[in-house]
Each structure stands twice: as C-alpha cells, then as structure tokens.
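Chain and residue survey
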Amino acid sequence: MNAINIKDITKKFKEVDALSGISFDIKQGEVFSLLGPNGAGKTTLISILTTILKPTSGTAVINGKDIIKEPLDVRKNIGIVFQEPSLDDLLTAKENLYLHSMLYNMPKEIAKKRIKDILITVNLYERKDHIVKTFSGGMKRQLEIARGLLHTPKILFLDEPTVGLDPFSRRNIWEYIKKVKKEQNITIILTTHYMEEAESLSDRIAIINKGKIIELDTPENLKKKIGDEILIIKGIVDDNRVRSLDFIKSVDLKNDKYIITSKEITKNLNKILEYVKRIDDIEIRKTSLEDVFLKMTGKKIEELDE
Amino acid sequence: MNNLIQISGIKAIVLRELLVFSREKERIISSIISPLLFLFVIGKSLNQNANIGGYSYQQFIFPGIIGMDILFTSIRYGLYIIWDKKMDFLKEVLISPISRTSLFLGKALGGVIGAMLEMLIILVIGNFFVLKISILQMILTMIACGFVSFMVVTIGLAIGGGMKTMEGFGLVVSFVSWPMFFFSNAMFEISKSNTTVWALSVINPFTYCVDIIRKILLNYAQFPVSRSIIIILIWNIILSYITIKIFNRIDTQK
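For clarity, every value in this text was computed on a predicted model and none was experimentally measured. (Residues numbered from 1 in each chain as written. Chains lettered and ligands numbered in written order. Predicted model: local features only at pLDDT ≥ 70, side-chain atom pairs only at ≥ 80, totals over all residues. Heavy atoms only, no water.)

Another aspect to go through is the overall build of chain B. Check the secondary structure of chain B and you find ten helices and zero strands. The order of α-helices and β-strands along chain B, N terminus first, is α-α-α-α-α-α-α-α-α-α. Counting only C-alpha atoms and orienting by the principal axes, one finds that chain B spans roughly 60 × 35 × 35 Å. Residues counted as buried form 57% of the 254 residues belonging to chain B. Long-range pairs, those at least 24 residues apart, make up 78% of the contacts in chain B between residues at least 6 apart in sequence. Approximately 11100 Å² of chain B is accessible, and the part contributed by carbon and sulfur atoms is 71%. A gap of 4 Å separates the mean positions of the 21 positive and 12 negative side-chain charges of chain B. (Helix = DSSP H or I, 4+ residues; strand = E, 2+ residues; numbered from the N terminus. Buried < 20%, exposed > 50% of the residue type's maximum accessible area, 1.4 Å probe, protein only. Contact = heavy atoms within 4.5 Å. Areas by Shrake-Rupley, 256 points an atom, 1.4 Å probe, with all protein chains shown as cover. Lys, Arg positive; Asp, Glu negative; His and termini not counted. Charge placed at Lys NZ, Arg CZ, Asp CG, Glu CD.)

Per the secondary structure count, chain A includes twelve helices and 14 strands. Over its C-alpha atoms, taken along the principal directions, chain A stretches across nearly 75 × 45 × 35 Å. Burial status across chain A gives 54% buried among its 306 residues. Taking contacts inside chain A between residues at least 6 apart in sequence as the whole, the part at least 24 apart equals 69%. Accessible surface computed for chain A: about 14300 Å², of which carbon and sulfur atoms make up 48%. Taken as two groups, the 52 positive and 47 negative side-chain charges of chain A have centres that lie 3 Å from each other.

What follows deals with empty space enclosed by the protein. All names here are of chain B. On inspection of all chains with the given rule, the structure shows two cavities of 30 Å³ or more. Roughly 170 Å³ of volume is contained in the largest cavity. Together, 14 residues line the largest cavity, and Phe-21, Arg-27, Thr-73, Tyr-77 and Glu-118 are the ones closest to its centre. If you list the elements that add at least two residues to the lining of the largest cavity, you get α1 (7–23), α2 (25–45), α3 (57–86) and α5 (100–129). Here the lining of the largest cavity takes five residues from α5, the largest share from any one element. Tallied by class, residues from the lining of the largest cavity come to five nonpolar, five polar and four charged. (1 Å grid on protein atoms, 1.4 Å probe; cavity = no way out; pocket = protein on both sides within 12 Å on 5 of 7 lines; lining within 4 Å. Points joined across faces, edges and corners; volume = space filled by probe spheres on them. Nonpolar A, V, L, I, M, F, W, Y, C, P; charged D, E, K, R; others polar.)

This part takes up the pattern of salt bridges. Residues and elements named next belong to chain A. All told, the structure shown has 28 salt bridges over all chains when counted by the stated rule. Across the pair Glu-30 and Arg-204 runs a salt bridge whose closest N-O atoms are separated by 2.9 Å. Taken together, the residues Glu-30 in the loop between β2 (16–27) and β3 (31–35) and Arg-204 in strand β9 (residues 204–209) connect sequence positions 174 residues apart. Overall, Arg-204 belongs to the buried group, its relative accessible area being 14%. (Salt bridge = Lys/Arg side-chain N within 4 Å of Asp/Glu carboxyl O.)

Together, A:Lys210, A:Lys212, A:Lys234, A:Lys254, A:Lys257, A:Lys299 and A:Lys300 make up a positively charged patch on the protein surface. Overall, the relative accessible area of 30% leaves A:Lys254 in the partly exposed class. (Patch = residues over 30% accessible without salt bridge, like charges linked within 9 Å, V, L, I, M, F, W, Y side chains within 5 Å.)

All chains considered together, the criterion is met by 13 aromatic pairs over all chains. In this structure an aromatic cluster arises from ring pairing among B:Phe38, B:Phe72, B:Trp178, B:Phe181 and B:Phe182. (Phe/Tyr/Trp six-rings, centres within 6.5 Å; stacked < 30°, edge-to-face > 60°.)

What follows is about the sheet that holds strand β11 (residues 229–237) of chain A. Pairing between sheet strands relies on hydrogen bonds along the backbone, with the strands arranged either parallel or antiparallel. All names here are of chain A. On the basis of which strands lie adjacent, the open sheet formed by four strands has the order β12-β13-β11-β14 and antiparallel pairing. The two strands at the open ends of the sheet, each matched to only one other strand, are β12 (248–254) and β14 (276–286). Put simply, the sheet's adjacent strands are angled 20° from each other on average, direction ignored. In terms of strand pairing, β12 meets strand β13 (residues 257–262) through six bridges, oriented antiparallel. Within β13, the residue paired with Asp-252 across the bridge is Ile-259. (Pairing = 2+ DSSP bridges. Axes fitted to C-alpha atoms, helices over the stretch in contact; angles between N-to-C directions.)

All right, on to the domain arrangement of chain A then. All names here are of chain A. When its domains are assigned, chain A resolves into domain 1 (2–222) and domain 2 (225–301). With 15 residues of domain 1 at the interface, the matching set in domain 2 holds nine residues. For the pair domain 1 and domain 2, the two sides together bury roughly 1200 Å², of which 71% comes from carbon and sulfur. On the domain 1 side of the contact with domain 2, Met-195, Glu-215 and Leu-222 bury the most area, a combined 45% of that side's loss. Where Lys-225 meets Asp-217, a salt bridge forms, and the shortest distance between an N and an O atom there is 3.6 Å. The interface formed by domain 1 and domain 2 holds three residue pairs in polar contact (both at pLDDT 80 or more) in total. A breakdown of the residues in the side of domain 1 that touches domain 2 according to their chemical character gives eight nonpolar, four polar and three charged. (Domains from an automatic or database assignment. Buried area = accessible area lost by both parts, 1.4 Å probe. Polar contact = N/O pair within 3.5 Å; in protein donor to acceptor, adjacent residues only side chain to side chain.)

For residues that are not glycine, phi is negative in most cases, and the peptide bond is trans in most cases. Residues and elements named next belong to chain A. Backbone geometry at Asp-8 places phi at a positive 50°, although glycine is not the residue there. On the secondary structure map, Asp-8 appears in strand β1 (residues 2–13). For Asp-8, a relative accessible area of 46% gives the class partly exposed. Not every positive phi belongs to a glycine, and Asn-63 is a case in point at roughly 50°. Considering the arrangement of structural elements, one finds Asn-63 in the loop between β4 (57–62) and β5 (65–66). Overall, the relative accessible area of 17% leaves Asn-63 in the buried class.

Residues and elements named next belong to chain B. Under the criterion given, the structure shown has zero disulfides over all chains. For Cys-145, which is in no disulfide, the shortest distance to another cysteine sulfur is to Cys-209 and amounts to 8.6 Å. For Cys-145, a relative accessible area of 0% gives the class buried. The class for Cys-209 is buried, based on a relative accessible area of 1%. (Disulfide = S-S within 2.5 Å.)

Once that is clear, we can look at the interface of chain B and chain A. Counting residues at the interface gives 29 residues for chain B, matched by 27 residues for chain A. If you sort the residues of chain B by the area they bury against chain A, B:Glu92, B:Ile95 and B:Pro97 come out on top, with a joint share of 27%. At the boundary of chain B with chain A, the tally comes to four salt bridges. The closest approach of N and O atoms between B:Glu92 and A:Arg147, which form a salt bridge, is 3.3 Å. Only α1 and α4 (89–94) of chain B provide two or more residues apiece to the side of chain B that touches chain A. If you tally residues by element for the side of chain B that touches chain A, the top one is α1(B), at ten residues. Grouping the amino acids of the side of chain B that touches chain A by side-chain chemistry returns eleven nonpolar, eight polar and ten charged.

So, in structure tokens, the structure goes:
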C-alpha cells in the first residue's frame, strides 16, 4: 500500500518553476529521502505535501486524503519537523509537548503517559521542566522530533533534520530515526543534502535538482547504475581504448583525472592498466552516493549549493 | 461547525498565551506605566478647577484610562502575532489540524484574558486613590472590558496577520491606537469639542467603549447604553469576520 501518491505537482513562484511536474509514490513503512542541493525544491515539495503551501497544479493523496480537498484530515495523520526550529522558546520541554497534545486533541491521560515515555526516549526527561531557550541545538531537534511523533502520526516529515548540528548530535538523531522506523512501522520522508545521511537511513532515494526528480531508486540500485566500483587515475590514459572494454560503464575526464566506473574494477584492473601510459596518482574504491550524484548532475552537491 | 471551532485546540492556544504572559512580566509593567502616568500626572495637574457632572477631572478620566490600558495592551498583543509568525509557535499551530477560526478565537481569548488581568491592577489602584468601586461595578467593568478588549485585539490581529515584518509595528501604534485614544471621550467631554474632533469621536468605536465604562463606574454617560452596546457588538462581529478571512490566508512562507 502507498502512504503517499504524488500526482504531477507543479509550483511556480512568480514565473520561476520551483517544482515542475513531480509524480511518484511513497510506500507504507519506508524511509524515503529527497536528496538535492539547496534550492532544488525539497522544502517546497514538503510544504505542499504537508498542506502548508498550495501547489500551482497537481495534487497528492496522503493516507487516502487529498491534500487540497481535505487538508485538516491530512494534518491529523502527519508529523512534521521543520528545518527551522518551531518550538516555543519561553516554554518548558514538557509544556511544548503538552500543548501539542492539545492541538491534536489527544485524551489527557494518554497524552501524559506518552509525553513521559517520549521524553525518556530522547533523553530529555530530566530536563522536562527546563525552558527550551536553555537547550542546545541537538536537544531542541530531538525534542522537535519527539513532538512530531507525539500524536502517533502515520507519516513523519523531516526537513533537513540534522542541518547545523555537530557530528555527535547528528549520529544521535540518525539512531533515533532508525529506532522509530523499526519499532513503529511509520513512513518517514526526509529531505537532506548530506549524502551520508541519505545513504545510511533510506530505503529509497529521490535525487532532486532544479525542481525535477532526476533519479529515484534504492541506494544500492542507484550505485549499480553507474557501476559498483570506481577507479580514479591521474596521468595519461588512452581513454577511447578503455571505454571500448566491455565491462566498463563510463570514462570521464574531470579536473585532469580520469574517472572510470565499472561493475568489477579490481578483478579487471590488469586489462585497464594496459591502456594506461603513466600514473601520477591512482585510487580504487566502492561507488558512493556522492559519485552517483556527480554523475547524474555533473556537479558535486556542494557546487550546486548557492 | 465542529471542524471550525475545536475546543481543545482553542484551550491549547489560550494556555500558551497565558504561559508566555506569566513569563514575560516586563510586558505587564511596560504597559501599565503610561496609563498610570496619564491618571496621576495629567489627572492631578488638570484637577484644580474641573468639575464634570459632579466629578473631579481625575475621576472623570479614570474610565478613559481603563479604556486606554485595554486599548494599548490589546492592540499590541494582536501585533505580537507578527513575532509568532517569524518563529516558534505559530508554525506549529498552522500545521496542526486546527482551523484558522479556532486559531483566531484562541489568540483573541488569550489576549482578552491578559488585558483583563492588567486592567484589574489599574482598577484596584484606582479603588484606593481615585474613587471607591463596588464589587458589582468591578464585575460589570470586567464584562464590558472583555468585549472592548476582544474588539481591539481583533484589530491588532487583523493588522498583524496581514503584516510580514516587525517594522510596521510602531507605525500601527502611532496611526491606530493614539488617534483612537485621542479622538474619543477618554480625556474630555466630546460635547464640548470642536466639530471635527466631535465627528471623529462619534465614528470612533472606542468612544462608546469608554462611555460604557464611565456609565458603570460614574453613572455618567453621553450616549444611551443600549446604543453603545449595539455598536460594540456590531464592530466585534465585523472585525472578527475580517480577521478570520485574513487568518485563512496566512501561510508559513516568510
């Protein structure tokens, strides 16, 4: 069963197309990542799916409810964590959660129990009566995710959940997301521009650039598309000959370096090296998502960030 | 209707406003200072010869000062929504299954309760230094001020709901609240004003607010009470309608 069906969503801001004709489905229970540089349209898409922003055309169905016709019903079943914090700084952690439970009309007794449980899970129980202003960035993010999950939504949206956090907090959040996924069979949609994040968390990834989905698949399949291994040689290479070898997927010259991708580089290394005349530097490694991104967009994600 | 007015959600918003109110005591202090200055400095210095309907000038303006406190606190409260919009809580509410009508009602009630608590401080101070106030008068004043506050909070929310930046904040205070205060009967009897001031005061709904409070506290009014009540209620309805329309258009884009 699909948790979300997205049907041909387009969003124009003035004359610029922020999203052009996006269509895809997200399955029940999967962690789905939208990977792309800043300004690719990730947040716009999330805003539309969470009924905050109206699309110029197209629609989506979330848990059987149409985002345009039944926005309040859609909202009951989703949790959202924004890129920018939306906690109330002047209130305590517990008060923030309690108000949330009221907004989602949770019965008082259930709310109290869940607030306690969830604060314990995110290690904030001892600080439950502290004002949120005194929390670190990582703690605030943990609390926001906890809040997004409080009303037991069927789908959780996380917009850049770890942006601006230190590596330690980032790992904590990843662990927590994995745990939630395992224990609650909840569908999670996250946007990120960190490759590592998308790779370690997602069941499927959509690479989005300039308002279009350019690839959508599991991390493994995405990597297979360009070959499992990658060979980078700085030196003089007869690239036409290398390209003609049947096990080679692609040969590109970028910044004086030949980037050769293939299913099995190590096994066939001798055959490739026959056409290499001089080596100043050489590297063989497993393909990463970063390589996929580079191949698909022609640029590194950092280069596309403005 | 059930989907428009959600009791639990409204309670959440009111509760949030009261919690914030209780933690930002500077807000209370800063907004009762000017009414008290008006009451004791202007009220006392112009006191000497005035006798309006058998009351001293200070006693005459006391209901006006109550109104002033309600006016300024309520309008400023309404404008705080710009701040909320910029960050924090509003986004959380906008994405929750709470209708904009409920959001409006919660916000407005939160503002009214805050303004009433503040007004109570002035009422008590007045009871000691200006004139004796009975319990019944206090209750009636509270009821009247509730409606007045709702009306003014709504004006603030309408303006705040439509504005995107804090820069317009001071402008609104200068161009809406001060004229509403001065072109009214808060500080003087409008029957003695010149024609322009008189005309502006008669259109100004705030005039009728002060008139009712004055009727309750001093048993002295320039207009029939029933007329004032009807005018205030009509303004409450019109302004609520407009503000809900504006709230329906708020999105989280900055």
